[in-house]
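Commentary on secondary and tertiary structure
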Amino acid sequence: MNRPRALVVDDEPDIRELIEITLERMDVATTAVANLGDAYTAARQLPFNLCLTDMRLPDGNGIDLIRHMHQHHPGVPVAMITAHGNMNSAIEALKAGAFDFVSKPVDLQVLRNLVGTALKLGDRVAISNRSLIGNAASMHAVRNTIAKLARSQAPVYVSGESGTGKELVARMIHEQGPRADQPFVPVNCGAIPEELMESELFGHKRGSFTGAVADKLGLFQAADGGTLFLDEVADLPFTVQVKMLRAIQEKCVRPVGVEREVAVDVRILSASHKDLDALVNLGSFRQDLYYRLNVINLHVPALRERPEDIRLLANHILERLAAQDGVQLSTLSERAVEALERYAFPGNVRELENILERAMTLCDGNVIGVDDLAIQKAAALDEQADHVADDALDAVLESVEKQTILNALEQSRWNKTAAAKLLGISFGALRYRMQKLGLD
């Protein structure tokens, strides 16, 4: 059986030799070259299973090689070697289609993890036991994007309203990729108390704080080799965001009470139903962390944007519920289907599931009618809830804005001109906001 072969492109002989020795010990043959021209020639002459390239080369840029390989050798994953701490280059490479990146000085364990994951791509059959139901063009686009993202290790931010299936999308990316046989660890960032967040994510040492009666592995370590899905990532406390940023950049974590960092090999996927852009502008979510998480954005459409899928989805859900409960299959009357297609579904697919489960229980016989759906009552309650939610949201946004302005004023020692500059607004706009918020 032929050994896998890697193309290594770096103009530093020491780096080439280090990578060659490491890969040889992994039973991977290497072809090492010092520039783009030789890399293009080698790629034409030999089949490769992996390519590792430096960013800066004597006759061009590693990004050029990524694009060349994607065009002429699309099955070969390309990883970028970047200067230490230069995450901007790493992100540029990932956006261009790089499989992953490794920083100089090269950490050999990180390199071995990367190579092992990349080589699995050739053996991985893209099959998932889950699927996104829908024939709308938007859903075809989402499924196609999932298949592409599964081949990369780039962080993906899944955006969309509550109930659209963001966790399902994340699971499909994991299951269709080379990490499928490793853990998929979902974390609801909004469900963990702030005081326990650091310990839950990064782990802790026994005795490091009151209640730490034993060593504990964090969720990053639980996901080692696999995928960590940060759901509702917008709810991460500001203090934890700094440590999250370091964990993503350096690929290591420091458990609470432990002096040394621990290397972790984790792919990061994240999601939120909130507008992270707006939260960044308000100062409640770190911009640098946002850029690290949102290397690639995948938007999941709301159900009301694809009404042509409602009949198909409803039938699928009814079949699943009948099999799950061991009861006779219920069907929808034509008027019931039409009513569902007209309904706005603020809760999206999750709400459709709840409506149908309730209707199955309450209907007489096995045909669900319009009245069994009870969506007119639900719509009235949703409208009432929306008014309450809008009032609550306004109060939260006002509180965040007030705190952001106070932080800027304190940082500038209450020099309003300097505070306005920090906030990126005019002096007049700052005075207006301060008067409106009762800060003047």
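Residues numbered from 1 in each chain as written. Predicted model: local features only at pLDDT ≥ 70, side-chain atom pairs only at ≥ 80, totals over all residues. Heavy atoms only, no water.

1. Focus on the overall build of the protein chain
- Helix and strand content of the protein chain: 19 helices and 18 strands.
- Principal-axis analysis of the C-alpha atoms places the extent of the protein chain at approximately 75 × 65 × 50 Å.
- Within the protein chain, the proportion of its 440 residues that are buried is 46%.
- For the protein chain, the share of sequence-separated contacts (at least 6 apart) that also reach a separation of at least 24 residues comes to 70%.
- Here the protein chain has roughly 22300 Å² of accessible surface; of this, 49% comes from carbon and sulfur atoms.
- The average position of the 47 basic charges and that of the 60 acidic charges among the side chains of the protein chain differ by 4 Å. (Helix = DSSP H or I, 4+ residues; strand = E, 2+ residues; numbered from the N terminus. Buried < 20%, exposed > 50% of the residue type's maximum accessible area, 1.4 Å probe, protein only. Contact = heavy atoms within 4.5 Å. Areas by Shrake-Rupley, 256 points an atom, 1.4 Å probe, with all protein chains shown as cover. Lys, Arg positive; Asp, Glu negative; His and termini not counted. Charge placed at Lys NZ, Arg CZ, Asp CG, Glu CD.)

2. With respect to the sheet that holds strand E6 (residues 78-82)
- Strand order in the open sheet made by the five strands is E2-E1-E3-E6-E7, with parallel pairing throughout. Each edge of the open sheet carries a strand with a single partner, namely strand E2 (29-33) and strand E7 (100-103). Between one strand axis and the next, the sheet turns by 20 degrees as a mean value, whatever way the strands run.
- Where E6 lies against E7, four bridges are found, and the strand directions are parallel. (Pairing = 2+ DSSP bridges. Axes fitted to C-alpha atoms, helices over the stretch in contact; angles between N-to-C directions.)

3. Things to note about the pairing of E2
- The buried fraction of E2 amounts to four of the five residues, a majority that puts the element mostly inside the structure.
- Where strand E1 (residues 5-9) lies against E2, five bridges are found, and the strand directions are parallel. When the sheet's bridge partners are listed, leucine 7 is paired in E2 with threonine 31.
- Handedness of the crossover joining E1 and E2 through helix H1 (residues 13-25): right-handed. (Right-handed = clockwise from strand over helix to strand, strands pointing away.)

4. Observations regarding the packing of aromatic side chains
- Evaluation of the coordinates by the stated rule reveals four aromatic pairs.
- On the numbers, 5.8 Å between centres and 40 degrees between planes, the contact of tyrosine 290 with tyrosine 291 is tilted.
- Tyrosine 290 gets classed as buried once you look at its relative accessible area, which sits at 8%.
- The class of tyrosine 291 is partly exposed, set by a relative accessible area of 43%.
- A ring pair is formed by tyrosine 343 and phenylalanine 345, whose centres lie 4.7 Å apart and whose planes are at 75 degrees; its orientation type is edge-to-face.
- Judged by its relative accessible area of 9%, tyrosine 343 is buried.
- Judged by its relative accessible area of 0%, phenylalanine 345 is buried. (Phe/Tyr/Trp six-rings, centres within 6.5 Å; stacked < 30°, edge-to-face > 60°.)

5. Quick word on helix H15 (residues 348-362)
- An ideal rise of 1.5 Å per residue puts 21 Å on 15 residues; H15 measures up with 21 Å between its terminal C-alpha atoms.
- Residues Asn348, Val349, Glu351, Leu352, Ile355, Leu356, Ala359 and Met360 constitute the buried set of H15. (Expected span 1.5 Å × (residues − 1).)

6. Notes on unusual backbone geometry
- Cis geometry marks the peptide bond from lysine 104 to proline 105, where omega comes out at -10 degrees.
- Structurally, proline 105 can be placed in the loop between E7 and helix H5 (108-123).
- Non-glycine residue tryptophan 414 carries a positive phi angle of around 65 degrees.
- Summarising the element assignment, tryptophan 414 is placed in the loop between helix H17 (375-411) and helix H18 (416-423).

7. Thoughts on the side chain of asparagine 35
- By the element assignment, asparagine 35 lies in the loop between E2 and helix H2 (36-45).
- A distance of 2.8 Å separates a polar side-chain atom of asparagine 35 from the backbone nitrogen of aspartate 38.
- In this view, asparagine 35 contacts Val9, Pro58 and Asp59; residues no more than four positions away in its chain are not counted. (Polar contact = N/O pair within 3.5 Å; in protein donor to acceptor, adjacent residues only side chain to side chain.)

8. Here we look at the confidence of the model for the protein chain
- Residues with a pLDDT of 70 or more make up 92% of the protein chain, whose mean pLDDT is 88.
- For the protein chain, H17 is the element with the lowest average pLDDT, namely 66, and strand E12 (residues 227-231) is the one with the highest, namely 97. (pLDDT = per-residue confidence, 0-100.)

9. Regarding the sheet that holds E12
- Pairing is parallel in the open sheet, where five strands are placed in the order E9-E12-E15-E8-E16. In the strand order of this sheet, the two ends are held by strand E9 (184-188) and strand E16 (296-299), each with one partner. The average angle at which neighbouring strand axes cross in this sheet is 20 degrees, direction not considered.
- With respect to the sheet, helix H7 (residues 166-175) is in contact with strand E8 (156-159), E9, E12, strand E15 (267-272) and E16, its orientation differing from that of E9 by roughly 155 degrees.

10. Observations regarding the environment of proline 186
- As for its placement among the helices and strands, proline 186 is situated in strand E9.
- In this structure, the C-alpha to C-alpha distance between proline 186 and alanine 344, residues 158 residues apart in sequence, is 29 Å.
- The contact partners of proline 186, leaving out residues within four places of it in the chain, are Glu167, Arg171 and Phe229.

11. Focus: the side chain of aspartate 10
- Positionally, aspartate 10 belongs in the loop between E1 and H1.
- On the accessibility criterion, aspartate 10 (0% relative accessible area) is buried.
- Side-chain polar atoms of aspartate 10 contact the backbone nitrogen of glutamate 12, separated by 2.8 Å.
- Not counting residues within four places of it along the chain, the set of residues in contact with aspartate 10 comprises Ile15, Arg16, Val33, Ala34, Asp54, Leu57, Ile81 and Lys104.

12. Here we look at the pattern of salt bridges
- Summed over all chains, the structure comprises 18 salt bridges.
- For the salt bridge of lysine 251 with aspartate 100, the shortest nitrogen-to-oxygen distance reads 3.3 Å. Highlighted residues: lysine 251 in the loop between helix H10 (238-250) and strand E13 (252-253) and aspartate 100 in strand E7, separated in sequence by 151 residues.
- Note on lysine 251: relative accessible area 19%, which makes it buried. (Salt bridge = Lys/Arg side-chain N within 4 Å of Asp/Glu carboxyl O.)

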